[in-house]
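Structural overview
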Amino acid sequence: MRTVAVVLAAGSGVRFGAALPKQLLPLAGRALLEHSVAAFDQAPGVDATLVVMAPGHADHAREVLALGGYRKVAGIIEGGKTRPESTRRAIAALGPAECKVLFHDAARPLLDQATIAGCVRALDTYDAVGVAVPTSDTIVVVEDGRMTGMPHRDSLRRCQTPQGFRLSVIRKAHELALADPAFADLTATDDCGVILRYLPDVPVAVVPGSERNIKITYPGDLSIAEVLLSAGDSGTSDSGTSDSGTSDSGTSDSGTSDSGTSDGGTSDGGTGAADQ
Ligand code: C5P
């Protein structure tokens, strides 16, 4: 079955605070966005890549990606105001034919081939998969400034991307979400969450991620990514497969982390022929 990667790059980068969307800022000699596109270009299991760009910046992305000569880029479309809206636009652009689809945040430029291959393989068995790593920190639930719960750490994971689905399954989940008036207030930050809420009978497999697969959220994260890229694969531990206290190798979310908030459909007829 055909596999399409969707690189979500339509965020406005409010938390990052730069004039240009962070997806277009330079990292190790190329635009942040290019790192993810290049990873999918090199992945044997991926047939095509669809890029979802921040409104008003699609032409810029088109120029950057054309210069880079990426073979699998099948289209660049504009995203929506929220991440789920951007996902829905991608689903519409992918057309009716069933495929495996991997949604990846452009804000995670250090995606490795093992993670991509793990997602594609897991989709042979499962209709939904997400990449996650164990948490070495204890996680606490806070309400009104007070701790109200402390889920057992062994049962917790930190979600990364890609998240992969059979297209028909994630389309159905988003249709149900759109029909739910409460969904707009949930500020969904990922697509596995949409499956868990609206198609709870669909098992979501976990693919081990990597501590290198950090999300660029604040300006300081770019410097961390530069260091990780220059260190290559050997510079950091990969704790994605173990709960055994492996360190975050200097890339922990402290100080640069996601605060759990998120900022955020046009069809152009199929994965092979979006609006390049
Ligand atoms: O805001 P957050 O950090 O959760 O965004 C994760 C990814 O989703 C980023 O790569 C961002 O560009 C993308 N996004 C999007 N459309 C939005 C908001 C976020 O494609 N409206």
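Our structure's up above, just so we're on the same page.
Thresholds, definitions, all that
- Numbers given for residues are sequential positions, taken from 1 along each chain in its written order.
- Residues qualify for local features only when their pLDDT is at least 70, as the model is predicted, and side-chain atom pairs are given and counted only at 80 or more; totals for whole chains, interfaces and linings, by contrast, use all residues.
- A run of DSSP states H or I qualifies as a helix once it reaches four residues; a run of E qualifies as a strand once it reaches two. Both are numbered from the N-terminal end.
- The axes used here are C-alpha line fits, helices contributing only the stretch in contact, and every angle between their N-to-C directions lies in the interval 0 to 180 degrees.
- Roughly parallel refers to an angle under 35 degrees, roughly antiparallel to one over 145, roughly perpendicular to one between 65 and 115, and oblique to any angle outside these ranges.
- Put simply, a crossing is left-handed when the front helix is turned counterclockwise from the back one by less than a right angle, and right-handed when it is turned clockwise.
- With C-beta atoms placed from the backbone, a contact is any residue pair whose C-beta atoms sit within 7 Å.
- In this usage, the nonpolar core is the set of buried Ala, Val, Leu, Ile, Met, Phe, Trp, Tyr and Cys residues whose C-beta atoms join them within 7 Å.
- Residue burial is a threshold on neighbouring C-beta atoms within 10 Å of the residue's own C-beta, all placed from the backbone, with 20 or more meaning buried, 12 or fewer meaning exposed, and counts in between meaning partly exposed.
- Whether two strands pair depends on DSSP finding at least two bridges between them.
- Consider the strands pointing away from the viewer: the crossover is right-handed when the path from the first strand over the helix to the second runs clockwise.

**Digging into the environment of Gly 149**
- Within the fold, Gly 149 resides in strand E9 (residues 146–149).
- Each C-alpha atom, one on Gly 149 and one on Ile 139, is 8.9 Å from the other, the two residues being 10 residues apart in sequence.

**Re the packing of helix H1 (residues 32–42) against helix H2 (residues 58–68)**
- Where H1 contacts H2, the two axes come as close as 11 Å, and the packing angle between them is 50 degrees. Taken together, the axis directions place H1 and H2 in an arrangement best described as oblique. Our pair here, H1 against H2, has a crossing hand that is right-handed. Counted together, Leu 33, Glu 34 and Val 37 of H1 and Ala 61, Val 64, Leu 65 and Gly 68 of H2 form the full contact between these two elements.

**So, the nonpolar core**
- By size, the foremost hydrophobic cluster in this structure holds 65 residues, and its most contacted members are Val 6, Val 7, Ala 9, Leu 50, Val 51 and Val 52.
- Looking at this core element by element, the count peaks at six residues for strand E1 (residues 3–9).

**With respect to the pairing of strand E5 (residues 73–78)**
- Across the six residues that make up E5, a large majority, five, are buried.
- Sheet analysis places strand E4 (residues 48–53) next to E5, joined by five bridges and oriented parallel. Looking at the pairing, Leu 50 lines up with Gly 75 of E5.
- Note that the unit made of E4, H2 and E5 has a crossover that is right-handed.

**Section: unusual backbone geometry**
- The omega angle of the peptide bond from Thr 161 to Pro 162 is 15 degrees, so this bond is cis rather than trans.
- Residue placement: Pro 162 occurs in strand E10 (residues 157–166).
- At Ala 28, a position not held by glycine, the phi torsion is positive, near 50 degrees.
- Considering the arrangement of structural elements, one finds Ala 28 in the loop between strand E2 (26–27) and strand E3 (30–31).
- Of note in the backbone geometry, Asp 144 takes a positive phi value of approximately 50 degrees without being a glycine.

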